[in-house]
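# Coordinates in review
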Amino acid sequence: MATSLSSLWLKNMRRISKAQQAQGRRLFKSLVPKASKAPAVGKSARPSLKSATPAKPVKRARPKAKAATPVRKPLVVPVQGVSSLPGSWQKSSFSFPGEGQLAPTRRMQYWLYLPSAPAGAPVAARPLVVMLHGCQQTAPDFAAATRMNALAERKGFAVLYPQQSAAADSHRCWHWYKRSTQQGLGDVRLVAALMAQVQRKHGLDASRTYVAGLSAGAALA
């Protein structure tokens, strides 16, 4: 009798326990919101081959070639040519004996601009402006760069451009720094003799003589 009651009690207890577990599970599901199914770990969500629309190949636009930027040429200021003026543009050479018995004769080229005279007007003795170039320059280059001939044409004076000999100096520099030059010899004596000859030959006014220069030419002036 006792055995039958024990077994009946155990069965009832198991039945009650199962009912309570089922009720608890239903209550838990009602309280927790339904979550969307996440893809399995390690596998990416991929659309099925049947429903997926094949992606069109993306055409990459080729970078347009940049138009070549035109290279700007440096602005060149037109320089009035030394021979395009109505006056006289002359090239000559000058020789002068060297200093001392054994010194060689100094030779130097020079250019001279004489302005044109108005028709019928008397030609008066003109003043002289002497222009001394810098190192590594020539007399024609210096005349074109300074445009002194154009000014001489308007104002009526003569312009003399001595040119240092390459034999005297490989860079065509005037020797203003030498003691002999500073004492009135050397290049100073040579240029002074050239000035006197040009003034006599062309009837220029020796009392109105002006000297200007650039760099080494300025030092010599």
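In what follows, the accompanying structure is described. (Residues numbered from 1 in each chain as written. Predicted model: local features only at pLDDT ≥ 70, side-chain atom pairs only at ≥ 80, totals over all residues. Heavy atoms only, no water.)

## Quick look at empty space enclosed by the protein
- Summed over all chains, the structure comprises 1 cavity of 30 Å³ or more.
- Of all the secondary structure elements, the ones that give two or more residues to the lining of the largest cavity are β1 (88–96), β2 (106–114) and α5 (186–202).
- Considering every element that reaches the lining of the largest cavity, the biggest residue donor is α5, with 3 residues. (1 Å grid on protein atoms, 1.4 Å probe; cavity = no way out; pocket = protein on both sides within 12 Å on 5 of 7 lines; lining within 4 Å. Points joined across faces, edges and corners; volume = space filled by probe spheres on them. Helix = DSSP H or I, 4+ residues; strand = E, 2+ residues; numbered from the N terminus.)

## Notes on the pattern of salt bridges
- A complete count under the given rule lists 2 salt bridges for this structure.
- For R106, the salt bridge goes to D187, with nearest N and O atoms at 3.1 Å. Of this pair, R106 sits in strand β2 while D187 sits in helix α5; the two residues are 81 residues apart in sequence, bridging distant segments of the chain.
- Residue class for D187 comes out buried when judged on its relative accessible area of 1%.
- Here R208 ties to D205 by a salt bridge, and the two come within 2.9 Å at their closest N and O atoms. (Salt bridge = Lys/Arg side-chain N within 4 Å of Asp/Glu carboxyl O. Buried < 20%, exposed > 50% of the residue type's maximum accessible area, 1.4 Å probe, protein only.)

## A few points about the environment of T181
- Of note, T181 is situated in helix α4 (residues 179–182).
- Each C-alpha atom, one on T181 and one on L220, is 8.3 Å from the other, the two residues being 39 residues apart in sequence.
- Every residue in contact with T181, bar those within four places of it in the chain, is listed here: H175, W176, G186, D187, V188 and L220.
- Separated by 2.7 Å, the side chain of T181 and the backbone oxygen of H175 make a polar contact. (Contact = heavy atoms within 4.5 Å. Polar contact = N/O pair within 3.5 Å; in protein donor to acceptor, adjacent residues only side chain to side chain.)

## Some details on the state of the cysteines
- Tallying each qualifying case throughout the model produces 1 disulfide.
- The disulfide bridge from C135 ends at C173, spanning 2.0 Å between sulfur atoms. The chirality of the disulfide connecting C135 with C173 is right-handed, given an S-S dihedral of about 135°. Taken together, the residues C135 in the loop between β3 (128–132) and α2 (139–146) and C173 in the loop between β4 (158–163) and α4 connect sequence positions 38 residues apart. (Disulfide = S-S within 2.5 Å.)

## Regarding the layout of surface pockets
- The computed volume of the largest pocket comes to approximately 340 Å³.
- Around the largest pocket, the lining is made up of 20 residues, and of these P104, R106, A168, G186 and D187 lie nearest the centre.
- Of all the elements, α5 adds the most residues to the lining of the largest pocket, at 4 residues.
- When grouped by side-chain class, the residues that make up the lining of the largest pocket number 7 nonpolar, 7 polar and 6 charged. (Nonpolar A, V, L, I, M, F, W, Y, C, P; charged D, E, K, R; others polar.)

## Remarks on the nonpolar core
- Counting 20 residues, the largest nonpolar core has L112 and L160 as the members making the most contacts within it.
- Looking at this core, the elements with two or more residues in it are β1, β2, β3, β4 and α5.
- If one sorts the elements of this core by residue count, α5 sits on top with 6 residues.
- What L112 contacts, discounting residues up to four positions off in sequence, is S88, W89, Q90, L128, A158, V159, L160, V198 and H202.
- W111, Y113, A139 and F142 belong to the second largest nonpolar core, which has 14 residues in total. (Core = buried A, V, L, I, M, F, W, Y, C linked by side-chain atoms within 4.5 Å.)

## Details of α2
- Within α2, the full set of buried residues consists of A139, F142 and A143. Along the axis of α2, the buried positions cluster into a sector of 100°, meaning they face one direction only.
- Packed against the buried residues of α2 are β1, β2, β3, α3 (148–155), β4 and β5 (209–213).
- Backbone geometry just downstream of α2 places R147 in the positive-phi region, at approximately 55°. (Arc of directions from axis to C-beta.)

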